[in-house]
Amino acid sequence: MYLARFLHSVIVVDAGDARAKLIPKSHNSPGFPDGVGGPELLGRLKAQAQRYGAGVVDGRVAGAKKRDGTFVLTTTFGTIRARRMVLATGIVDKAPAIERLEEAVAAGTVRLCPVCDAYEAVGKRIGVVGPEHLALKEALFLKEYSGQVTLLANHPEDISEAARGMASAGGIDIWDTVEDLVARATGFDVVMAEGAPMRELDVVYPAMGSDVRSELAVALGAECDAQGYVLVSRHLETSTAGLYAIGDVAEGLNQIDCVWPCRHRSNTYPQCTSV
């Protein structure tokens, strides 16, 4: 939208799998006091960009090269040549093997961004699943919103004694022998191993990390960090001249619907300083 209003010729290649499509209803977006669903928000943004002349084309970029200062993109609908290129390819969340996961996300019983929507989980029974170094940080953050936060593990050895000590100090429970999470309309039945009584949760937060979609950046010679996030300057330009990266592919903020200009990481919660 901004590029079009600056009278630049701009085309957006939209693969149709934006992470924001997963938002059942966001109450964290300014201007929508009653909340807005991800698909509706994306539709509004697309219409606003098109109003000012931006082209939005459904398709994918299969490859990209830079020749004589021009980016040449091979797409599913033809070839694009551009003087500048902006990557907004984002990330893909790693998720637990929960049957009907998409339905649970839509119902709000699986939530992907505590910075965005922990407010909606106030006072609920929350389970956090993932590697201990990620899950513990998320659990401690969520403890600000609920007195019932639990780390879920398949085996006792999945969580170290050091992590157990920090969890105990923070008032976080640990369920060591979780065998399955069975979705129901308002939460989950937690099946425990060896015939232990079934337990219940209202919300599950996966804290399993994500895969960064930085393949195009790598193909164009842009530098990335160890996790795959694209390194950018203060003007969001990569190490490849004329190639820019914005959003989660560069920031590592991993928020679905935040518009706050977070630029650094805090000690309390590594993804945001605006909480």
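A quick note: this is a predicted structure, and the numbers were derived from the prediction, not measured. (Residues numbered from 1 in each chain as written. Predicted model: local features only at pLDDT ≥ 70, side-chain atom pairs only at ≥ 80, totals over all residues. Heavy atoms only, no water.)

For the rest of this paragraph, the subject is the packing of helix α5 (residues 132-142) against helix α6 (residues 161-169). Each pair of packed helices can be described by the angle between their axes along with the distance between the axes. Running from N to C, α5 and α6 cross one another at 5 degrees; their axes reach a closest spacing of 11 Å. With respect to α6, the axis of α5 lies roughly parallel. Within the contact between the two elements, α5 uses Glu 132, Leu 136 and Leu 140 and α6 uses Ala 163, Met 166 and Ala 167. (Axes fitted to C-alpha atoms, helices over the stretch in contact; angles between N-to-C directions. Helix = DSSP H or I, 4+ residues; strand = E, 2+ residues; numbered from the N terminus. Parallel < 35°, antiparallel > 145°, perpendicular 65-115°, else oblique. Contact = heavy atoms within 4.5 Å.)

For the rest of this paragraph, the subject is the pattern of salt bridges. Charged atoms that come close allow side chains of opposite charge to pair. For the coordinates displayed, the defined rule picks out 13 salt bridges. Between Asp 211 and Lys 94 there is a salt bridge whose closest N-O contact spans 3.8 Å. With Asp 211 in strand β15 (residues 210-212) and Lys 94 in the loop between β7 (91-93) and α3 (101-107), this residue pair connects regions lying 117 residues apart in the sequence. Note on Asp 211: relative accessible area 43%, which makes it partly exposed. Note that Arg 111 is salt-bridged to Asp 117, the shortest N-O span being 3.4 Å. On the basis of relative accessible area, Asp 117 is assigned to the buried category, the value being 14%. The network of salt bridges with common partners includes Arg 125, Arg 184, Asp 189, Glu 200 and Asp 202. (Salt bridge = Lys/Arg side-chain N within 4 Å of Asp/Glu carboxyl O. Buried < 20%, exposed > 50% of the residue type's maximum accessible area, 1.4 Å probe, protein only.)

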